[in-house]
Amino acid sequence: MLKAFVLLIGSICLYVGATSTGIPDGSVPFVPKCLNGGRYAAIEDFPFEVSIQLIDLAATNRGTHIGSGVIYNKYVILTAASVVVGRAASNLQIRAGSTCHKTGGQLIKVAVIKIHDCFDAVTLRHDIALLKLKSPLVLDGHRVSRAHIGKLEPSNNETGRVVGYGSSMDGLALYNTDLRQATIRYLNLKACTSSFYGYTNDGLKIGVFCGRARNQDSCQMDRGSPAMFQGSL
């Protein structure tokens, strides 16, 4: 299924400096923790983004954001396995079509969680999962729409964007309620394993996403969020 090139945070290596998927196989020696130095993003610009939430049993139409995902079709959400591993589907919901993960948009409960059979919680290889929704999303093409899954790997040093609801400062316990974005540049395997960046071929395999950014990256609760290059994930 899904023979495409999908980039999700959770299978990513970022080099952050002052100067600076089928579902693909992946292993990662380091996973970033925040949308650090990011800026405001409107859901209309990223209508495929959803917030994955633990259902708040004490309050109707509320939940706790635990990660992000993207809309594959009206019934299926694509996310990182590390977001939902150990969770029961009955305890999860998604919010789509809202810049704020606490209010607005469409709130739909999860029916089934399917984690990649080879997912490794230690190395984060195959860090990908599908969520089947109990009821379909209403795809309006404006605030809620399917993600466009790219079929080709981005070019080395190509500019792209990552988006998520995570913290805007590393170590911050209080997460953003609004969607944020950051600009990054894609690094291919040859560049990522060069002496300049310091990663090794042993740690990086096909499907791993390496990127670099100037004083910004992805952060806590950004897992499952997409990286977008030329309008495709």
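On a predicted model such as this, the values are computed, not experimentally measured, just so you know.

Reading the values: the criteria
- Residues numbered from 1 in each chain as written.
- Predicted model: local features only at pLDDT ≥ 70, side-chain atom pairs only at ≥ 80, totals over all residues.
- Heavy atoms only, no water.
- Helix = DSSP H or I, 4+ residues; strand = E, 2+ residues; numbered from the N terminus.
- Buried < 20%, exposed > 50% of the residue type's maximum accessible area, 1.4 Å probe, protein only.
- Areas by Shrake-Rupley, 256 points an atom, 1.4 Å probe, with all protein chains shown as cover.
- Contact = heavy atoms within 4.5 Å.
- Salt bridge = Lys/Arg side-chain N within 4 Å of Asp/Glu carboxyl O.
- Pairing = 2+ DSSP bridges.
- Core = buried A, V, L, I, M, F, W, Y, C linked by side-chain atoms within 4.5 Å.

Visitor: Summarise the overall build of the chain; cite the residues concerned and give the values.
Guide: The number of helices and strands found in the chain is two helices and 12 strands. Here the chain, with 233 residues, has 53% of them falling under the buried criterion. Roughly 10,600 Å² of accessible area belongs to the chain as shown, and the carbon and sulfur atoms make up 52% of that amount.

Visitor: Quick one: what's the story with the environment of V76, residue by residue and with numbers?
Guide: When you line up the elements, V76 lands in strand β5 (residues 76-79). Classification of V76 by relative accessible area gives buried; the value is 17%. In this structure the C-alpha to C-alpha distance between V76 and P136, which are 60 residues apart in sequence, comes to 8.6 Å. Filtering out sequence-adjacent residues up to four positions away, V76 remains in contact with V70, I71, L130 and L131.

Visitor: Can you explain the pattern of salt bridges? Please cite residues and give values.
Guide: On inspection of all chains with the given rule, the structure shows two salt bridges. D117 is the partner of K114 in a salt bridge, and the nearest nitrogen-oxygen pair spans 3.0 Å. Assessed through its relative accessible area of 46%, K114 is described here as partly exposed.

Visitor: Describe the pairing of strand β4 (residues 63-73), with residues and values.
Guide: Where strand β3 (residues 49-55) and β4 come together, seven bridges link them in antiparallel fashion. Of the residues in β4, the one forming a bridge with S51 is S68. Bridge count for β4 against β5 is four bridges, and the pairing is antiparallel. Following the sheet pairing, V70 is matched in β5 by L78. Linking β4 back to β5 in an antiparallel pair, the connection comprises two residues.

Visitor: Could you give me a rundown of the nonpolar core, with the residues and numbers involved?
Guide: Counting 23 residues, the largest nonpolar core has I52, I77, V84, I94, V110, L131 and L137 as the members making the most contacts within it. Secondary-structure elements contributing two or more residues to this core are β3, β4, α1 (81-84), β6 (92-96), β7 (106-115) and β8 (129-133). Apart from residues lying up to four places away in sequence, L137 is in contact with I71, N73, K74, I77, I94, A96, Q106, I108 and V144. Judged by nonpolar contacts, the second largest core, of 16 residues, contains L78, A147, I149 and Y165.

Nothing here speaks to function; it is geometry throughout.
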